[in-house]
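Structure assessment
Now for the letters of each chain:
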Amino acid sequence: ISEEIWSKVKGGEELYIKGGADSEAVLVTRDETYSIKHLDSSNLSLYVDDAKNNSLYTIAGMKEGYYETSKIRPQIKTQITELKRRLMDAGNIVNSQTFNSLGKPTDRKLIQLQDVENDFSCSQVELYNLLRENQIISIFNNLYTLDPDFHYKLIELLLTCTIIQEWDLNQTSLEDIFQELRSVYPSAKNLYEVLKV
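Residues numbered from 1 in each chain as written. Predicted model: local features only at pLDDT ≥ 70, side-chain atom pairs only at ≥ 80, totals over all residues. Heavy atoms only, no water.

Turning to the nonpolar core, a few remarks are in order. Counting 14 residues, the largest nonpolar core has Ile 80, Leu 83, Phe 120 and Leu 143 as its most contacted members. Elements with a contribution of two residues or more to this core: α2 (77–89), α3 (113–117) and α4 (124–133). Setting aside its immediate chain neighbours within four residues, Ile 80 contacts Phe 120, Leu 127, Leu 130, Leu 131, Asn 134 and Ile 136. Grouped together as the second largest cluster of nonpolar side chains are eight residues, Val 94, Tyr 144, Leu 146 and Leu 154 included. (Core = buried A, V, L, I, M, F, W, Y, C linked by side-chain atoms within 4.5 Å. Buried < 20%, exposed > 50% of the residue type's maximum accessible area, 1.4 Å probe, protein only. Helix = DSSP H or I, 4+ residues; strand = E, 2+ residues; numbered from the N terminus. Contact = heavy atoms within 4.5 Å.)

Right, let's get into the layout of surface pockets. Reported here for the largest pocket is a volume of approximately 240 Å³. What lines the largest pocket is a set of 15 residues, among which Ser 23, Glu 24, Val 26, Gln 75 and Ser 121 lie closest to the centre. Breaking the lining of the largest pocket down by element, the ones donating at least two residues are β3 (33–48) and α2. Class assignment of the residues belonging to the lining of the largest pocket gives a composition of six nonpolar, six polar and three charged. (1 Å grid on protein atoms, 1.4 Å probe; cavity = no way out; pocket = protein on both sides within 12 Å on 5 of 7 lines; lining within 4 Å. Points joined across faces, edges and corners; volume = space filled by probe spheres on them. Nonpolar A, V, L, I, M, F, W, Y, C, P; charged D, E, K, R; others polar.)

This paragraph deals with the pairing of strand β6 (residues 136–139). Pairing of β6 with strand β7 (residues 142–146) involves four bridges; the strand directions are antiparallel. Within the sheet, the bridge partner assigned to Ser 138 lies in β7 and is Leu 143. Linkage of β6 to β7, two consecutive antiparallel strands, is achieved through a turn of two residues, within which Phe 140 is found at a positive phi near 50°. (Pairing = 2+ DSSP bridges.)

Turning next to the pairing of β7. Across the five residues that make up β7, a large majority, five, are buried. With burial as the criterion, each face of β7 is covered, one bearing Asn 142, Tyr 144 and Leu 146 and the other bearing Leu 143 and Thr 145. Here strand β5 (residues 93–94) runs beside β7; their pairing, made up of two bridges, is parallel. When the bridges of β7 are listed, Ile 93 appears paired with Thr 145.

The next point concerns the sheet that holds β6. Consider a sheet: its strands pair through backbone hydrogen bonds, and that pairing is either parallel or antiparallel. The mixed open sheet is built from three strands, whose spatial order is β5-β7-β6. In this open sheet, the two edge strands, each paired with only one partner strand, are β5 and β6.

According to the stated counting rule, one finds five salt bridges in the structure shown. Note that Asp 31 and Lys 8 form a salt bridge whose closest N and O atoms lie 2.9 Å from each other. Within this pair, whereas Asp 31 is found in the loop between β2 (26–28) and β3, its partner Lys 8 is found in helix α1 (residues 3–10), the two being separated by 23 residues in sequence. Among the residues examined, Asp 31 registers a relative accessible area of 28% and is labelled partly exposed. By relative accessible area, Lys 8 is classed as buried at 15%. Several salt bridges share partner residues, and in doing so they unite Lys 8, Asp 31, Glu 32 and Lys 71 into one network. (Salt bridge = Lys/Arg side-chain N within 4 Å of Asp/Glu carboxyl O.)

This part covers the environment of Phe 120. Mapped onto the elements of the fold, Phe 120 is located in the loop between α3 and α4. Judged by relative accessible area, Phe 120 falls into the buried class, the value being 4%. Expressed as a C-alpha distance, the spacing of Phe 120 and Gly 19, which sit 101 residues apart in the sequence, is 7.3 Å. Apart from the residues lying within four places of it in its own chain, the contact partners of Phe 120 are Lys 18, Ile 76, Gln 79, Ile 80, Leu 83 and Leu 127.

Attention now moves to the environment of Ser 96. Among the structural elements, Ser 96 can be located in the loop between β5 and α3. Spatially, the C-alpha atoms of Ser 96 and Asp 147 are 8.8 Å apart, while their sequence positions differ by 51 residues.

Below, the structure is given as structure tokens:
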């Protein structure tokens, strides 16, 4: 492994090998994805068990060649598209009709974030970023696809509130804006869940 990965391991970060039946195995840290390639070599590697005493080792296996890792951009576009289709088929779309019912009991089949995380061959941070880029959001730990027109309307509402209050956007937190909106907009908590991503 590279020095970069080794420094993460020494810092206490865990490494995982992920991959499905239709994808190549990858090595992932919390925020990066690495390919794993086997390279042939005439050198023979011996794998040994821990010594039972100071001088005796047991050979556990032998292998020609070695593995090399290199940083890659996750190749999960098809999986993201499929997830978005599943969400739309299940009716898990955030728009003006469904917005007020978020977080309430529903007959729709909800898909939870932790249920799909292991299906994606990439790091957690990269997955979350790619989901956001594709308008897939997690609200109360359930995944939804966000209607783009509705998203723009919500942003317009936030900006209107900021302008009416004569707040400086660079110095006003999202929480302050929602505090003001709660007095006029009962579902502001849902609004925060949608826009915080």
